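Now for the letters of each chain:
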Amino acid sequence: MQKPSSCPRPSGAPRWVAMVRGAARDAWVPAAESPYRALVLYAVGETTRTVRARGGEPTVALWGPGGGGRRLYDAPAGKAAAARQAVTG
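Residues numbered from 1 in each chain as written. Predicted model: local features only at pLDDT ≥ 70, side-chain atom pairs only at ≥ 80, totals over all residues. Heavy atoms only, no water.

> Just to check I follow, could you spell out the overall build of the protein chain for this structure?
When its secondary structure is counted, the protein chain shows 2 helices and 4 strands. Looking at the protein chain as a whole, 29% of its 89 residues qualify as buried. Long-range pairs, those at least 24 residues apart, make up 48% of the contacts in the protein chain between residues at least 6 apart in sequence. (Helix = DSSP H or I, 4+ residues; strand = E, 2+ residues; numbered from the N terminus. Buried < 20%, exposed > 50% of the residue type's maximum accessible area, 1.4 Å probe, protein only. Contact = heavy atoms within 4.5 Å.)

> I tried to follow the pairing of strand E3 (residues 59-66) on my own but got confused; where do I start?
Within a regular strand, side chains alternate between the sheet's two faces. Extensive coverage of E3 is indicated by the burial of 6 of its 8 residues. The sheet contact formed by strand E1 (residues 16-21) and E3 spans 5 bridges and is antiparallel. By the bridge assignment for E3, valine 20 is matched with valine 60. Across 5 bridges, the pairing between E3 and strand E4 (residues 69-73) is antiparallel. Residue tryptophan 63 lies in a different strand from E4, and its bridge partner there is leucine 72. (Pairing = 2+ DSSP bridges.)

> What's the story with the environment of valine 40 in this structure? I'm lost.
Looking at the element boundaries, valine 40 is found in helix H1 (residues 37-53). Spatially, the C-alpha atoms of valine 40 and alanine 18 are 6.5 Å apart, while their sequence positions differ by 22 residues. Once residues lying within four places of it in the same chain are set aside, the contact partners of valine 40 are Trp16, Val17, Ala18, Ala32, Glu33, Ser34 and Leu62.

> Could you clarify how one ought to interpret the pattern of salt bridges in this entry?
Note on pairing: side chains with opposite charge can pair once their charged atoms come close. Applying the stated criterion across every chain yields a total of 3 salt bridges. Among the salt bridges present, the one from arginine 49 reaches glutamate 46, with a minimum N-O distance of 2.7 Å. Within this pair, arginine 49 and its partner glutamate 46 are both found in helix H1, separated by 3 residues, close to a single helical turn. Residues arginine 52 and glutamate 57 are paired through a salt bridge, measuring 3.0 Å at the closest nitrogen-oxygen approach. We classify arginine 52 as partly exposed; its relative accessible area is 29%. (Salt bridge = Lys/Arg side-chain N within 4 Å of Asp/Glu carboxyl O.)

> I would appreciate a short explanation of the nonpolar core in the present structure.
One recurring pattern in soluble globular proteins: nonpolar side chains tend to sit buried together. Trp16, Ala18, Val20, Ala32, Val40, Val44, Val60, Leu62 and Tyr73 together form the largest nonpolar core, which totals 9 residues. Of all the elements in the fold, those that place two or more residues in this core are E1, H1 and E3. Counting residues per element, this core draws most heavily on E1, which supplies 3 residues. Setting aside residues no more than four positions away along its own chain, alanine 32 makes contact with Trp16, Val17, Ala18, Val40 and Ala43. Among the nonpolar cores identified, the runner-up in size contains 6 residues, and Cys7, Trp28, Ala61 and Trp63 belong to it. (Core = buried A, V, L, I, M, F, W, Y, C linked by side-chain atoms within 4.5 Å.)

> What am I meant to see in the confidence of the model for the protein chain here?
Parts of the prediction with low pLDDT should not have their coordinates interpreted in detail. With 73% of its residues at a pLDDT of 70 or more, the protein chain shows a mean pLDDT of 79. The weakest mean pLDDT in the protein chain belongs to helix H2 (residues 78-88) at 44; the strongest belongs to H1 at 92. In this model residues 78-89 is a low-confidence stretch, pLDDT under 50, and it forms 2 contacts with partners more than four residues away in sequence or in other chains. (pLDDT = per-residue confidence, 0-100.)

As structure tokens, then:
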């Protein structure tokens, strides 16, 4: 996954939100929202698998509660992608 850049902060109450940037349009859209992190991470995995099956590489930003508001977390598959690249590269 590519590192998210200038992803806007989602609106509404603090919750877990996965934002995806489409290659066809340079806009961020919410892909999954839930008060539970596991559900959003599952949706990110399914979205990633679908986009890669179509020959693309998704750009995902994960927002979650933190410090009384929202916090931008790293993309969940960032470490896995780096490890895969180190093994194959």
